[in-house]
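# Reading the structure
Spelled out, the chains give:
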Amino acid sequence: MSTPSENQKETIISLLATKSVMKQDVYSNTIAIFNQLKEILKEKADFFADEAAKIDSRVNLFYKDISLQSMQLKVAGDILDFQMHSNVFGFDKSNAMYKTAYVRDNPLNAFCGIINVYNFLADSYKYNRLNDVGSLIARIFINRENHFFVETKTQIGYKYHNFSIQPISKENLTDIVMELIIYSITFDLYTPPYDSVGQVTVYEMQEKSSSAALRTGKRLGYGGHHNDQGRTFDDEAHL
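Let us look at the structure shown here.

In terms of helices and strands, the chain carries 5 helices and 6 strands. Along the chain, from the amino end to the carboxyl end, the secondary structure elements read α-β-β-β-α-β-α-β-β-α-α. Once local pairs closer than 6 in sequence are excluded, the contacts in the chain between residues at least 24 apart make up 61%. A total of about 13,500 Å² of accessible surface is found on the chain, and carbon and sulfur atoms cover 53% of it.

Here the focus is the pairing of strand β3 (residues 78–89). In this structure, strand β2 (residues 70–75) lies alongside β3, joined through 6 bridges in antiparallel fashion. Among the inter-strand pairings, S70 is bridged to a residue of β3, identified as Q83. From the end of β2 to the start of β3, which pair antiparallel, there are 2 residues, and A76 there has a positive phi angle of about 55 degrees. When β3 meets strand β4 (residues 112–121), the two strands line up antiparallel, connected through 9 bridges. In the sheet register, D78 faces β4, and the bridge partner there is L121.

Notably, A76 is not glycine yet its phi reads approximately 55 degrees, a positive angle. Take A76: it is sitting in the loop between β2 and β3. Despite not being glycine, N146 has its phi angle at roughly 65 degrees, a positive value. As for its position among the elements, N146 is in the loop between β5 (135–142) and β6 (148–152). For N146, a relative accessible area of 22% corresponds to the partly exposed category.

Turning our eyes to something else, we now look at helix α4 (residues 170–186). A turn of α-helix holds 3.6 residues, and therefore any two residues three or four places apart point the same way. For α4, with 17 residues, the first-to-last C-alpha span of 24 Å sits near the 24 Å given by 1.5 Å per residue. All of the buried residues along α4 are N172, L173, T174, D175, I176, V177, E179, L180, I181, Y183 and S184. At its buried positions, α4 is contacted by α1 (4–55), β2, β3, β4, β5 and β6.

Moving on to the pairing of β5. Extensive coverage of β5 is indicated by the burial of 6 of its 8 residues. Pairing geometry for β4 and β5, over 7 bridges, is antiparallel. Opposite G113, over in β5, you have I142 as the bridge partner. Both β5 and β6 contribute to a ladder of 5 bridges, which runs antiparallel. Note that in β6 the partner of I140 across the bridge is V150. The antiparallel pairing of β5 with β6 creates a hairpin that spans 5 residues between the two strands, and N146 there sits at a positive phi of about 65 degrees.

Moving on, we get to the sheet that holds β5. The strands making up a sheet associate through backbone hydrogen bonding, with each pair oriented either parallel or antiparallel. Pairing is antiparallel in the open sheet, where 6 strands are placed in the order β1-β2-β3-β4-β5-β6. For this open sheet the edge positions go to β1 (61–67) and β6, each flanked by a neighbour on one side alone. Taking the axes of each pair of neighbouring strands and ignoring which way they run, one obtains an average angle of 20 degrees across the sheet. Judged from the 6 bridges that link them, β1 and β2 form a sheet pairing that is antiparallel. Residue S67 lies in a different strand from β2, and its bridge partner there is S70. Here α1 sits on the sheet in contact with β1, β2, β3, β4 and β5, set at roughly 170 degrees to β3.

This part takes up the nonpolar core. Generally speaking, soluble globular proteins have nonpolar side chains that are buried together. Counting residues in each nonpolar core, the largest one holds 34 residues, and the members touching the most others are L37, L80, F82, I115, I176 and L180. Going through the elements one at a time, α1, β1, β2, β3, β4, β5, β6 and α4 are the ones with two or more residues in this core. At 8 residues, the largest contribution of residues to this core is made by α1. With near-sequence residues (within four places) excluded, L37 lies in contact with M71, F82, I115, I140, L173 and V177.

To continue, consider the environment of C112. Summarising the element assignment, C112 is placed in strand β4. Separated by 30 residues in the primary sequence, C112 and I142 place their C-alpha atoms 5.1 Å from one another. Non-local contacts of C112, meaning those with residues more than four positions away in its chain, are made with V26, N87, V88, F89, F91, F141, I142, N143, F149 and F163.

Rules behind the numbers
Residues numbered from 1 in each chain as written. Predicted model: local features only at pLDDT ≥ 70, side-chain atom pairs only at ≥ 80, totals over all residues. Heavy atoms only, no water. Helix = DSSP H or I, 4+ residues; strand = E, 2+ residues; numbered from the N terminus. Contact = heavy atoms within 4.5 Å. Areas by Shrake-Rupley, 256 points an atom, 1.4 Å probe, with all protein chains shown as cover. Pairing = 2+ DSSP bridges. Buried < 20%, exposed > 50% of the residue type's maximum accessible area, 1.4 Å probe, protein only. Expected span 1.5 Å × (residues − 1). Axes fitted to C-alpha atoms, helices over the stretch in contact; angles between N-to-C directions. Core = buried A, V, L, I, M, F, W, Y, C linked by side-chain atoms within 4.5 Å.

Shown next, in the form of structure tokens:
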């Protein structure tokens, strides 16, 4: 009969062979997909930069590699910031995915790596406005079998809201990137209601004299005032 310590050793070895290996697989898949995204962003930046140059020299696009797990795509007045999380995440058992046969048959399929995509104003970086905020516009989830789903504010949300039947492909990733570009361009800044910015303190005015102290974002009002639309206007021209 096994002693308690032997049972514990067997449990640990079993967990290492299943859960720990699964998490390594998820991480490897996620970073491979992130690298694929890098190549797609470079391709699209080059293509649309050439097309934009034919339209107006003031409108520009470019790709910027930040780190192993971070990159940016500037699209005219916006920046799409892609961030890959280094950890693997599970979901609460109340999540609807646990009702699907795919996850019910093997709960390890529910664990995912995450690639977050944020939309910032390009001027936030240009003028070093450290108080500015970006909006999370998409989260791409990849599991151990390279199956994926997407949480997003874009039009593709209805297409990829459940785990895919097939592993993620370059075609899927390109589709996602194109919709994110469209979303960033069409998601405009709105002027907040007059009364919400009708009064200002001396301190706030002194803060506004420094570009680094300004706080602007597509989900915040200028200086942090919220508008009725949930969107904002910027103090700089937004291309």
